[in-house]
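Next come the chains, spelled out residue by residue.
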Amino acid sequence: MINNHNLKIKRMRKIIVLEFITLDGVMQAPGGPEEDKSNGFKYGGWSAPYSDKVGGKVMQKQMKPADLLLGRKTFEIFASYWPEHADYWPGINDVTKYVMSTTMKKSDWKNTVFLKSLADIKKLKNSKGSEIKVWGSGELSQLLLKNDLVDELWLKIYPVTLGKGKKLFDNGTMPAAFILTESSVTPTGVIVANYKRAGKVKTGTMGA
């Protein structure tokens, strides 16, 4: 007979995906015109007009030190800026930056580790350490959503539609239910909504 008191439950590391998205789900190049011009994208920097003090406080809270998991393109953007601007993101140089890439193998940014496959991500999730935050990294985020590896979604939804651009929920997102754990609205109309994974999708008939 198994003594449940002697069983050790291994806790997996939490993966949190943080995204800036438009009302129609576009996540491409929110930060600036030069961020990502691929596929002729013309609206880089679409989040900038909605900046305010409330949103800034939300960002400070979300930027608390934690290991990062990034796609190659997002990592290159981060690596070109944050090592010299760590005063604005305390701890960014000290946390481990895990990079999903089949082409990059090294970086001058300290504490950078490269991953090559989904199996590497699963191994990371099962390791010991802090929660893991994914910023941007569209293709990587889609891979995580497809394989049910996202524990929480921290979304900032902007009051704008763009029609075209890379989207977060695309390419085979796995059906999944989430519950809202925290929400607020900034003076410029940005909806900040944090969601936690909550089992399978449930269906029913309205009014029944």
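Residues numbered from 1 in each chain as written. Predicted model: local features only at pLDDT ≥ 70, side-chain atom pairs only at ≥ 80, totals over all residues. Heavy atoms only, no water.

A. Highlighting helix α3 (residues 118-125). Among all positions of α3, only Ile-121, Leu-124 and Lys-125 are buried. On an axial view of α3, the arc spanned by its buried residues comes to 100°, and they lie on one face. α3 presents Ala-119 and Lys-123 as exposed residues on the side facing more than 90 degrees away from its buried surface. At its buried positions, α3 is contacted by β1 (15-22), β2 (67-71), β3 (97-100), β4 (112-115), β5 (132-135) and α4 (138-146). (Buried < 20%, exposed > 50% of the residue type's maximum accessible area, 1.4 Å probe, protein only. Helix = DSSP H or I, 4+ residues; strand = E, 2+ residues; numbered from the N terminus. Arc of directions from axis to C-beta. Contact = heavy atoms within 4.5 Å.)

B. How the structure looks around the side chain of Gln-28. You can see Gln-28 is positioned in the loop between β1 and α1 (53-62). Of the polar contacts made by the side chain of Gln-28, one reaches the backbone oxygen of Asp-36; its length is 3.2 Å. Setting aside chain neighbours within four positions, we find Gln-28 in contact with Asp-36, Lys-37, Ser-38, Phe-41, Trp-46, Gly-165 and Lys-166. (Polar contact = N/O pair within 3.5 Å; in protein donor to acceptor, adjacent residues only side chain to side chain.)

C. Summary view of unusual backbone geometry. Residue Ala-29 is not a glycine yet carries a positive backbone phi of 50°. Tracing the sequence through the fold places Ala-29 in the loop between β1 and α1. Overall, Ala-29 belongs to the buried group, its relative accessible area being 4%. Its identity is not glycine, yet Asp-148 carries a phi of approximately 55°, on the positive side. Residue position: Asp-148 is located in the loop between α4 and β6 (152-158).

D. Layout of the nonpolar core. Within the largest apolar cluster, 27 residues are counted, with the highest numbers of intra-cluster contacts made by Trp-46, Leu-68, Phe-78, Trp-82, Trp-89 and Trp-135. Examining the composition of this core, we find that three residues originate from one element, β1, more than from any other. Among all residues touching Trp-89, those that are not within four sequence positions of it are Met-63, Leu-68, Phe-78, Trp-82 and Trp-135. Ile-132, Leu-149, Ile-157 and Leu-168 belong to the second-largest nonpolar core, a separate cluster that totals 21 residues. (Core = buried A, V, L, I, M, F, W, Y, C linked by side-chain atoms within 4.5 Å.)

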